[in-house]
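# Structural overview for review
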Amino acid sequence: MSTPLFKLSSNAQDQISQLLGNNQNAMGLKIALNTKGCAGLSYVMDYANENNIEGCELVNDYKFPLYIESKAIMFVIGTEICLLYTSDAADEEDSVDLG
C-alpha cells in the first residue's frame with residue numbers, strides 16, 4: 001500500500017462529499033496553488049470539472065475523485081486537511097474554532 005500524498009480527515013471527506021453531491025457539475029475536488037500569501041503561495045480548492053483538470057494528477061484514495069494541479073503536488077506532500085467549523089466546536093478532534 002502506498003502512502004497518500006496528504007491526509008484528509010474522515011470529517012473533511014464527509015463534508016467535501018456532501019458539497020460535491022450538491023453540485024451536479026462537479027467531478028471531484030481540485031487543489032491548486034496561487035502565488036500570494038505570507039510564503040508566496042496559497043492553496044486553492046475548487047470543484048473539479050472538465051474545463052479545469054487538464055494537467056492535474058488524479059488521486060483515488062478518498063470517497064471522491066481528487067485532482068491535484070501538477071505544480072502543487074510538491075507542496076501538498078505531508079499536508080493534512082481537516083474539517084474546519086465556524087461555530088463552537090473546540091472539543092471536536094477534527095475541528096478548529098474560528099469564532
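Treat the numbers as computed from the prediction; the structure is a model and nothing was measured. (Residues numbered from 1 in each chain as written. Predicted model: local features only at pLDDT ≥ 70, side-chain atom pairs only at ≥ 80, totals over all residues. Heavy atoms only, no water.)

Time to look at the environment of A26. Counting through the fold element by element, A26 comes out in the loop between α1 (10-21) and β2 (28-34). Residues A26 and P65 lie 39 residues apart in sequence; the distance between their C-alpha atoms is 9.9 Å. Not counting residues within four places of it along the chain, the set of residues in contact with A26 comprises L20, Y47 and A48. (Helix = DSSP H or I, 4+ residues; strand = E, 2+ residues; numbered from the N terminus. Contact = heavy atoms within 4.5 Å.)

It is worth spelling out the confidence of the model for the chain at this point. For any part of a model where pLDDT is low, the fine detail of the predicted coordinates should not be relied upon. Put simply, the chain has an average pLDDT of 79, and 78% of its residues get 70 or more. Mean pLDDT in the chain bottoms out at strand β6 (residues 80-81), which sits at 78, and peaks at strand β5 (residues 66-69), which reaches 94. (pLDDT = per-residue confidence, 0-100.)

Here L20 shows up in helix α1. Counting along the chain gives 44 residues from L20 to F64, while the straight-line C-alpha distance between them is 8.4 Å. If near-sequence neighbours (up to four positions away) are discounted, L20 is found in contact with A26, G28, L29, Y47 and F64.

With that settled, the discussion passes to the pattern of salt bridges. Counting across every chain of the model gives one salt bridge. Between K63 and D14 there is a salt bridge, with the nearest N and O atoms lying 2.2 Å from each other. One end of the pair, K63, is in the loop between β4 (56-59) and β5; the other, D14, is in helix α1, and 49 residues separate them in sequence. We classify K63 as exposed; its relative accessible area is 53%. (Salt bridge = Lys/Arg side-chain N within 4 Å of Asp/Glu carboxyl O. Buried < 20%, exposed > 50% of the residue type's maximum accessible area, 1.4 Å probe, protein only.)

If you look at the biggest cluster of nonpolar residues, it comprises 17 residues, and the most contacted ones within it are F6, L8, I31, F64, L66 and I68. Every element with two or more residues in this core is listed here: α1, β2, β5 and α2 (73-76). Among the elements that take part in this core, β2 stands out by supplying three residues, more than any other. When neighbours within four sequence positions are excluded, F6 is seen to be in contact with I31, Y62, L66, I68, V76, G78, T79 and I81. (Core = buried A, V, L, I, M, F, W, Y, C linked by side-chain atoms within 4.5 Å.)

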